[in-house]
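Residues per chain are reported as follows:
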Amino acid sequence: MVLEIIYEALNVILGPLIAIDPNSQNPMFAIFVISTLVAFITTLANKLLVNQDRLQSLKKEMQEFQQEMNNARKSGDAKALEKIQKQQMDFMDKQKEMMTMSFKPMIVTFLPIILVFYWMAQEPSISQTVVMLPQVAYYVLLVPLWHTFYVPAATTPPGAIEWLGWYILCSFAMSQVFRKFMGLKGGM
């Protein structure tokens, strides 16, 4: 009952994208627009909920600590190792802070993204979408490798990906564009 209501609500919101798609029987453009919207919302949540300067500072401190630890281990210096062990609790606190920062946007965006995925999987025109990739792209993107983990439908022609693969490609590409545009530092 609740899922039906959610499906119908999302159908009202996202359904028109399929109607305006030049090929509504295989709505690649609609999937691209949806993945772009989700990528934008996710990137915006990262921008607004994560202190980018603090995150960058923590990453730098952790890299320096890792380097010190590696140097101490390689040298076998007992005093340096003891110093590193004393700093390890501080290191753990910084790691915890980084994890907390990265969870904030995920908590905010998780449920809406899952609901959009649910709608896409239930919408027949989207769930049956097949995108033919150029042969070079098919192999460069390691699609055959992914197909060992996720077996495509028997009706999917060779050299093609289904809607979820197309969504992931579009979402990843647009996320990178938005991250650059919004000035996000480093990956999460």
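In this report, the structure presented in the accompanying data block is examined. (Residues numbered from 1 in each chain as written. Predicted model: local features only at pLDDT ≥ 70, side-chain atom pairs only at ≥ 80, totals over all residues. Heavy atoms only, no water.)

## Some points on the overall build of the protein chain
- Secondary structure assignment for the protein chain yields eight helices and two strands.
- Listed N to C, the secondary structure of the protein chain is α-α-α-α-α-β-α-α-β-α in terms of helices and strands.
- Over its C-alpha trace the protein chain gives a radius of gyration of 22 Å, far above what one expects of a compact globule, namely 16 Å for 188 residues.
- When contacts within the protein chain are restricted to residue pairs at least 6 apart in sequence, long-range pairs at least 24 apart make up 74% of them.
- Roughly 12200 Å² of accessible area belongs to the protein chain as shown, and the carbon and sulfur atoms make up 67% of that amount.
- Charged side chains of the protein chain number 15 positive and 14 negative; the gap between the two group centres comes to 12 Å. (Helix = DSSP H or I, 4+ residues; strand = E, 2+ residues; numbered from the N terminus. Rg over C-alpha atoms; globule rule 2.2 N^0.38 Å. Contact = heavy atoms within 4.5 Å. Areas by Shrake-Rupley, 256 points an atom, 1.4 Å probe, with all protein chains shown as cover. Lys, Arg positive; Asp, Glu negative; His and termini not counted. Charge placed at Lys NZ, Arg CZ, Asp CG, Glu CD.)

## Some remarks on a nonpolar patch on the surface
- Taken together, the side chains of M99, F103, M106, I107, F110, L111 and I114 define a hydrophobic patch exposed on the protein surface, amounting to about 710 Å² of accessible area.
- Its location among the elements puts F103 in helix α4 (residues 78-122). (Patch = residues over 30% accessible without salt bridge, like charges linked within 9 Å, V, L, I, M, F, W, Y side chains within 5 Å. Salt bridge = Lys/Arg side-chain N within 4 Å of Asp/Glu carboxyl O.)

## Re the packing of α4 against helix α8 (residues 163-182)
- Two numbers describe how α4 lies on α8: the axes approach to 11 Å, and their chain directions differ by 140°. With respect to their mutual orientation, α4 and α8 come out oblique. When α4 is examined against α8, the residues F117, M120 and A121 are found in contact with a partner set consisting of W163, L164 and Y167.
- Looking at the contact of α4 with α8 residue by residue, the class counts come to six nonpolar, no polar and no charged. (Axes fitted to C-alpha atoms, helices over the stretch in contact; angles between N-to-C directions. Parallel < 35°, antiparallel > 145°, perpendicular 65-115°, else oblique. Nonpolar A, V, L, I, M, F, W, Y, C, P; charged D, E, K, R; others polar.)

## Considerations on the nonpolar core
- In this structure, L14, I31, I34, W119, M120 and I126 are the most contacted members of the largest nonpolar core, which totals 23 residues.
- Not counting the four nearest positions on each side in its chain, L14 is found in contact with I34, V116 and W119.
- Core analysis: the second largest hydrophobic core is formed by 11 residues, L55, A72, F91 and M98 among them. (Core = buried A, V, L, I, M, F, W, Y, C linked by side-chain atoms within 4.5 Å. Buried < 20%, exposed > 50% of the residue type's maximum accessible area, 1.4 Å probe, protein only.)

## Things to note about the pattern of salt bridges
- The tally for this structure, following the rule as stated, stands at three salt bridges.
- Note that E97 is salt-bridged to R54, the shortest N-O span being 2.9 Å. On the criterion of sequence distance, the pair formed by E97 in helix α4 and R54 in helix α3 (residues 52-75) is long-range, its members being 43 residues apart.
- For E97, a relative accessible area of 28% translates into the label partly exposed.

## Here's the deal with α4
- For α4, spanning 45 residues, the distance from its first C-alpha to its last is 61 Å, which sits close to the expected 66 Å at 1.5 Å a residue.
- At T109, α4 shows its largest bend, some 40°, and a proline, P112, comes one to four positions later.
- Considering only its buried residues, α4 is in contact with α1 (2-20), α2 (28-49), α3, α5 (124-127) and α8. (Expected span 1.5 Å × (residues − 1). Bend = angle between axes of the 7 residues up to and from the residue.)

## Here's the deal with the environment of F181
- With respect to the helices, strands and loops of the structure, F181 is situated in helix α8.
- Here F181 falls in the exposed class, since its relative accessible area comes to 72%.

## Quick look at α1
- A rise of 1.5 Å per residue sets the reference length of α1, with its 19 residues, at 27 Å; its end C-alpha atoms lie 28 Å apart and thus fit the reference within 8%.
- Of all bends in α1, the biggest is about 50°, found at V12, and the proline P16 comes one to four residues later.
- Against the buried residues of α1 lie α2, α4 and α5.

## Overview of the packing of α1 against α2
- At a closest axis distance of 7 Å, the pairing of α1 and α2 adopts a crossing angle of 140°. The orientation of α1 relative to α2 falls into the category oblique. For the element pair α1 and α2, the recorded crossing hand is right-handed. Along its contact with α1, which presents L14, L17 and I18, the element α2 presents A30, V33 and I34.
- When its residues are assigned to classes, the contact of α1 with α2 shows six nonpolar, no polar and no charged. (Left-handed = near helix turned anticlockwise from the far one by under 90°.)

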